[in-house]
Amino acid sequence: DDLEKQIKHVLRALFQERIGRIDWLLEVNGASITNHSETFPACKNTSVFSYLKCSTSQQLNPKTFIHSDVAGLSMIDSPSMMLGNCWAMSGSQGFVEIRLSKLLRVTEAVIQHIPKRISPDIRSAPRGFRILGSLSGAETEEGSFKVLVEGEYEVREDASEEELLPHVQTFAVKNSPLVDTIRYEILSNQGKQEFTCLYHMRLHGEEATPMVSS
Amino acid sequence: DDLEKQIKHVLRALFQERIGRIDWLLEVNGASITNHSETFPACKNTSVFSYLKCSTSQQLNPKTFIHSDVAGLSMIDSPSMMLGNCWAMSGSQGFVEIRLSKLLRVTEAVIQHIPKRISPDIRSAPRGFRILGSLSGAETEEGSFKVLVEGEYEVREDASEEELLPHVQTFAVKNSPLVDTIRYEILSNQGKQEFTCLYHMRLHGEEATPMVSS
Amino acid sequence: DDLEKQIKHVLRALFQERIGRIDWLLEVNGASITNHSETFPACKNTSVFSYLKCSTSQQLNPKTFIHSDVAGLSMIDSPSMMLGNCWAMSGSQGFVEIRLSKLLRVTEAVIQHIPKRISPDIRSAPRGFRILGSLSGAETEEGSFKVLVEGEYEVREDASEEELLPHVQTFAVKNSPLVDTIRYEILSNQGKQEFTCLYHMRLHGEEATPMVSS
Ligand SMILES: [K+]
Ligand SMILES: [K+]
Ligand SMILES: [K+]
């Protein structure tokens, strides 16, 4: 009973760590894809299953990256994080731009991929990346984007004691300006030349203004 | 190893607490919507995403409330409990009536909503409610419904030590007659005038008769 | 904090036990249904909900057994394991054959069903079964199949201290030849004459060759 209380306490902490706060990169929270690099062509040409190419129609659609069934509730079992529920970006470099529904001061980005041990080919995971932000209304040429954070997504073997979910990696953003558009640039991947699979990135931050809707 | 056994024991208890028993308010268990108040009109007029109005087509359909993908397995990660997977009932008062596949003596109703911390606008959660039951074949006018329980759904901050899932709230029903129709009345919500989001209510009870099907 | 570390350790072990390794019986991992016995006819004749017959259209389709939304991440909350997400095989005996995308030495099969306590009719669960394997290119008549393992799926009451998920049952395969086709034969079920519900079987094994795709 006492142990039950302690475990509940720890479990709650674990859930909250994963749940975090509102994820502004979800379609259901008003995010929309405004631009993106090419989808892997082998995905476009095939409606039938093609192993190690692209398996499902969702991989043709960049919206998979911000899909509304990306659960906010829990990383572990979110359908959006299921094997194959990713957008197949062509090549090992590319980008996706997302318009937010709010003016946001970004505090944290969380890059999600599936665990190595269930993946038949982890080389399509992203590696080097940059996250940029801009404010629309300002000029929207490329120059208006400011780098919020850059880093590397690492494929880990599930080994570390500290990490329950080593495939979920958090990157802090400091001194973010107010932005309403995010550009997620993939600079390299884990070795697959043909495509990179992007599952999801959670985006947390502080709203610039209180909500005005009644 | 000993700790592992204890934790398994506690986890199993937690799972069972959440799983409970058969949920008779699931479409997959034979439930069907027979009547309901108005869907929020802004949901009807828009096929495109409209933030803080209605985000997805499922919000047009009261069946979302008893959707077959409402997992019986676990509350925490059920897709039916994902952000936005609710029916947008117009206003802060309304109702939904559900016909069950069984004659049931109701023992418990469990109202589910999403956690406050992932919601961009928690004011659309229900507050005051009544759950009524009736037996079809008896007159089905409003007078034939009997109040099973009334109460308030509370938005909690995730603070209490006793609750792993404070957004899932259980209401006991005592001395239920045999019923085959449930009426869930929303009397107020958490402050949003335009609509109320109803995710799901689980309904547990004792069957009047053993199953006759072979 | 120390307890938190220990619990994380145990939780990780539990996750990995469930996640296991790559599940080669998933469509998203290249598996495809090549043959199967009859679907329950009452499922075919009804597009409307018919309680205790067949509730959803997915039950018409054997692909539900290897569905791409069968999460590899976790058993507990996988949508593919949700109530009703099964293929309704006619009668209490039948089979399904699945072609794999890899030459595999099978080491383990994991039969999944829903927990008894949330099922309104557990009699449609499988009981006696055999799992066979064959190598295409060899003659593909029945004679070419070799029995990998036979056993019984048991409906358990959730009672044992050792089992967090008594509805998920693992069967070891010893001395498997290289196979690329699996035949899952149901020899009996838990008492339902009309049909047997098959949710999913996970298949683990060692690949014969390293992946050649770039
Ligand atoms: K996704
Ligand atoms: K729902
Ligand atoms: K399934």
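Our subject is the structure that appears above.
None of these values were measured; they are calculated from a predicted model.

Some words on the overall build of chain A
Link 1 in the chain: Each helix and strand in chain A was counted, giving two helices and nine strands.
Link 2 in the chain: Listing every helix and strand of chain A by position from the N terminus yields α-β-α-β-β-β-β-β-β-β-β.
Link 3 in the chain: Taking all 214 residues of chain A together, 58% fall into the buried category.
Link 4 in the chain: For chain A, long-range pairs separated by at least 24 residues make up 81% of all intrachain contacts whose partners lie at least 6 apart in sequence.

As for the pairing of strand E3 (residues 94-112) of chain A
Residues and elements named next belong to chain A.
Link 1 in the chain: By the bridge criterion, four bridges tie strand E1 (residues 32-36) to E3 in an arrangement that is antiparallel. Across the sheet, the residue bridging to Ser32 is Arg99, located in E3.
Link 2 in the chain: Sheet analysis places E3 next to strand E7 (residues 178-186), joined by eight bridges and oriented antiparallel. Across the sheet, Ile98 pairs through a bridge with Ile182, a residue of E7.
Link 3 in the chain: The pairing of E3 with strand E9 (residues 200-207) spans eight bridges and is antiparallel. Residue Val106 lies in a different strand from E9, and its bridge partner there is Gly205.
Link 4 in the chain: The pairing of E3 with strand E6 (residues 168-172) spans five bridges and is antiparallel. Looking at the pairing, Glu108 lines up with Ala172 of E6.

With respect to the packing of aromatic side chains
Link 1 in the chain: The tally for this structure, following the rule as stated, stands at ten aromatic pairs over all chains.
Link 2 in the chain: Ring pairs connect the aromatic residues Phe65, Phe129, Phe171 and Tyr184 of chain C, which therefore count as one cluster.
Link 3 in the chain: For the cation-ring pair, Arg183 of chain B lies above Phe95 of chain B, with the distance from its terminal atom to the ring centre recorded as 4.0 Å.

Topic: the environment of Ser144 of chain B
Residue and element names in this part refer to chain B.
Link 1 in the chain: With respect to the helices and strands, the residue Ser144 is situated in the loop between strand E4 (128-134) and strand E5 (146-152).
Link 2 in the chain: Its relative accessible area of 24% is what places Ser144 among the partly exposed residues.
Link 3 in the chain: Taking the C-alpha atoms as reference, Ser144 lies 8.3 Å from Gly133; in sequence the two are eleven residues apart.

Quick notes on the rules
- Residues numbered from 1 in each chain as written.
- Chains lettered and ligands numbered in written order.
- Predicted model: local features only at pLDDT ≥ 70, side-chain atom pairs only at ≥ 80, totals over all residues.
- Heavy atoms only, no water.
- Helix = DSSP H or I, 4+ residues; strand = E, 2+ residues; numbered from the N terminus.
- Buried < 20%, exposed > 50% of the residue type's maximum accessible area, 1.4 Å probe, protein only.
- Contact = heavy atoms within 4.5 Å.
- Pairing = 2+ DSSP bridges.
- Phe/Tyr/Trp six-rings, centres within 6.5 Å; stacked < 30°, edge-to-face > 60°.
- Lys NZ or Arg CZ within 6 Å of the ring centre and 35° of its normal.

By themselves these figures say nothing about function.
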